[in-house]
Amino acid sequence: MTETRIAPGSVTAPLAGTSDLRPYSPGLEGVIAGETSLSRVDGEQGKLLYRGYRIGDLVEHGTYSAIAHLLWTGEWDPRHALATAPLPDPVLATLRALPASTKPMDALRTAVSAWGTTQTLDWPPTVEQARALTSFSPSALAAFARLRAGDLPIDPDPSLGLVEGYLYQLNGKRPNPGTARALDAYFIVGAEHGFNASTFTARVITSTRSDIASAVAGAIGTMKGPLHGGAPSEVVDQLAKMGSVEHAEEWIRDALDRGERLMGFGHRVYRAYDPRAAALRKVAESMDRKPEWLELAIQVEDVALRLLAERHPERPLKTNVEYYAAPVLQGVGLTPDLFPATFSLARHAGWTAHVLEQAGANRLIRPDVRYVGPAERDLPAA
Ligand code: ACO
């Protein structure tokens, strides 16, 4: 059944003088703007399901390739394989032409756009298109990272899985299995998360019958904003400032007194512990090359949760995905400026699955806006 209720408190009253009495929720908060069978985000229970399967089970028993296939097709095949794809020459030429100061998110968005010019992307979008784009982007980001360091891009090794292949093309050597597995787990938890802003962007673009490259380029542009593609590197900065668990309580109290936020805690939807954080904590703890501050992060978490509960008894503020994404991404050897673009690579499976879902039951997404400008009037006399 489709729910039509709008969250209490989020509907503003019409402005005096306007005759438009329809409900309005700034930021569309609490508004049901579509239907999906891809993922269920249950903020109260702290559950995340992809096509009904629990995220913790998928991390334990699946691979990113299998999860992408599950999202695109609805079928669970744990042996499903996906490798990185070679870069078309015009994409490579575009990456080489970028200024040295280009940020990784801008490079990835540009690469996806350039890739679109090399493909025949007829409507409706297909699973093959989704697979091709998801396989292309890790090669593009790895090539960009190497070019800006003055190194030559590395061709894909089709015998490696997608995430392993990304690390290989980035570093020039095959990652050890533990490292590849840890990043694969990160990709799984980052693959899909309901109607977040970038996914909604991809669906709006698809609803006009535009192509999958345009939808994903738009989604990357949306994720680039700091309110969306949050940087787990800030978690690392805060832990470094605390220095030790003995200083954590004092440091956190001072930070909260100054009105600062603790990075890696709180979420718009989750009121319970973010299930992605729980899955990534397990992964971080089982890594061969743990960052030395992981122990500190685990000790500080308890102190932070206690102080946040003291400070905000009215609002449960729990650990979110960013807190344990930081040790995993740093533990696999990524530099912090690659964190957001790597998150975008992981989200390709979800974005492209939403593109397919939108196209499968398409209706142009074109909401109304409440007019709050001047009433009808004559131009001033000349
Ligand atoms: N540390 C301290 N106080 C917090 C935190 C936090 N991490 N999160 C929320 N609060 C407080 C706010 O100050 C506010 O208090 P007030 O009412 O006294 O002003 C109250 O809790 C409610 O905060 P909102 O901003 O209304 O909560 P919202 O649900 O909009 O915010 C958000 C969610 C942006 C994630 C917030 O919790 C935050 O800033 N967290 C820190 C940054 C972070 O970890 N971001 C990653 C999120 S996960 C992701 O995006 C994939």
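Residues numbered from 1 in each chain as written. Predicted model: local features only at pLDDT ≥ 70, side-chain atom pairs only at ≥ 80, totals over all residues. Heavy atoms only, no water.

Caption draft 1: The site of the ligand, seen in detail. Near the ligand lie 18 residues; those nearest to it are Leu 262, Gly 264, Phe 265, Arg 315 and Asn 320. Note that a nitrogen atom of the ligand is positioned 2.8 Å from one of the backbone N or O atoms of Leu 262. Between the ligand and Arg 315, the relevant distance is 2.7 Å, taken from an oxygen atom to a side-chain nitrogen or oxygen of the residue. Its free accessible area being 930 Å², the ligand has 67% of it covered by the protein chains. Looking at side-chain class alone, the shell around the ligand contains seven nonpolar, six polar and five charged residues. (Near = heavy atom within 4 Å. Polar contact = N/O pair within 3.5 Å; in protein donor to acceptor, adjacent residues only side chain to side chain. Areas by Shrake-Rupley, 256 points an atom, 1.4 Å probe, with all protein chains shown as cover. Nonpolar A, V, L, I, M, F, W, Y, C, P; charged D, E, K, R; others polar.)

Caption draft 2: Structural detail: the environment of Ala 100. With respect to the element layout, Ala 100 can be found in the loop between helix H3 (89-97) and helix H4 (104-117). With 107 residues separating them in the primary sequence, Ala 100 and Ser 207 have C-alpha atoms 36 Å apart. (Helix = DSSP H or I, 4+ residues; strand = E, 2+ residues; numbered from the N terminus.)

Caption draft 3: Examining the sheet that holds strand S1 (residues 39-42) more closely. Strand order in the open sheet formed by three strands is S1-S2-S3, with antiparallel pairing between adjacent strands. A single partner strand is all that each edge strand has here, and the edge strands are S1 and strand S3 (53-54). The sheet contact formed by S1 and strand S2 (residues 47-50) spans four bridges and is antiparallel. In the sheet register, Arg 40 faces S2, and the bridge partner there is Leu 49. (Pairing = 2+ DSSP bridges.)

Caption draft 4: Summary view of helix H6 (residues 162-171). Counting buried positions along H6 yields eight of ten residues, so the element is predominantly enclosed. Residues of H6 that are buried: Leu 162, Val 163, Gly 165, Tyr 166, Leu 167, Tyr 168, Gln 169 and Leu 170. Looking at the buried side of H6, the elements it contacts are helix H2 (64-73), helix H5 (127-148), helix H7 (177-190) and helix H15 (339-360). (Buried < 20%, exposed > 50% of the residue type's maximum accessible area, 1.4 Å probe, protein only. Contact = heavy atoms within 4.5 Å.)

Caption draft 5: Inspection of the packing of H7 against helix H12 (residues 275-285) at higher detail. In contact at an axis separation of 10 Å, H7 and H12 are set at 175° when each is read in the N-to-C sense. The orientation of H7 with respect to H12, classified from their angle, is roughly antiparallel. Between H7 and H12, the contacting residues are Ala 182, Ala 185, Tyr 186 and Val 189 on the first element and Arg 276, Ala 279, Leu 280 and Val 283 on the second. Residues of the contact of H7 with H12, tallied by class, amount to seven nonpolar, no polar and one charged. (Axes fitted to C-alpha atoms, helices over the stretch in contact; angles between N-to-C directions. Parallel < 35°, antiparallel > 145°, perpendicular 65-115°, else oblique.)

Caption draft 6: View of the packing of aromatic side chains. Throughout the structure, instances matching the rule amount to eight aromatic pairs. Aromatic pair Tyr 53 and Trp 76: ring centres 6.1 Å apart, planes at 50°, arrangement tilted. Placement of Tyr 53 in strand S3 and of Trp 76 in the loop between H2 and H3 is noted, with a sequence separation of 23 residues between them. Take Tyr 53: its relative accessible area is 38%, and that puts it in the partly exposed class. Ring geometry for Phe 195 and Phe 200: centres 5.6 Å apart, planes at 45°, overall tilted. Judged by its relative accessible area of 32%, Phe 195 is partly exposed. (Phe/Tyr/Trp six-rings, centres within 6.5 Å; stacked < 30°, edge-to-face > 60°.)

Caption draft 7: Quick peek at the side chain of Asn 320. By secondary structure assignment, the location of Asn 320 is in the loop between helix H13 (294-311) and helix H14 (321-331). Taking relative accessible area as the criterion, Asn 320 reaches 8% and is therefore assigned buried. Ignoring any residue separated from it by four or fewer positions in sequence, one finds Asn 320 in contact with Gly 264, Phe 265, Gly 266, Asp 274 and Ala 277.

Caption draft 8: Structural detail: the packing of H7 against H15. One can describe the packing of H7 onto H15 by two numbers: an axis separation of 8 Å at closest approach and a directional angle of 65°. With respect to H15, the element H7 is oriented roughly perpendicular. The crossing of H7 and H15 is right-handed. Contacts from Leu 183, Tyr 186, Phe 187 and Gly 190 in H7 reach Phe 339, Thr 342, Phe 343, Leu 345, Ala 346 and Arg 347 in H15. Of the residues belonging to the contact of H7 with H15, the class tally is seven nonpolar, two polar and one charged. (Left-handed = near helix turned anticlockwise from the far one by under 90°.)

Caption draft 9: Examining the pattern of salt bridges more closely. The full count for this structure, using the stated rule, is 21 salt bridges. One salt bridge connects Asp 337 with Arg 148, and the closest N-O pair in it is separated by 2.7 Å. You can see Asp 337 sitting in the loop between H14 and H15 and its partner Arg 148 sitting in helix H5, a full 189 residues away along the chain. A relative accessible area of 38% places Asp 337 in the partly exposed class. Note on Arg 148: relative accessible area 36%, which makes it partly exposed. Between Arg 181 and Asp 184 there is a salt bridge whose closest N-O contact spans 3.4 Å. Here the residue Arg 181 and the residue Asp 184 both occupy positions in helix H7, the gap between them amounting to three residues, near one helical turn. Overall, the relative accessible area of 33% leaves Arg 181 in the partly exposed class. According to the relative accessible area criterion, Asp 184 is buried, its value standing at 10%. (Salt bridge = Lys/Arg side-chain N within 4 Å of Asp/Glu carboxyl O.)

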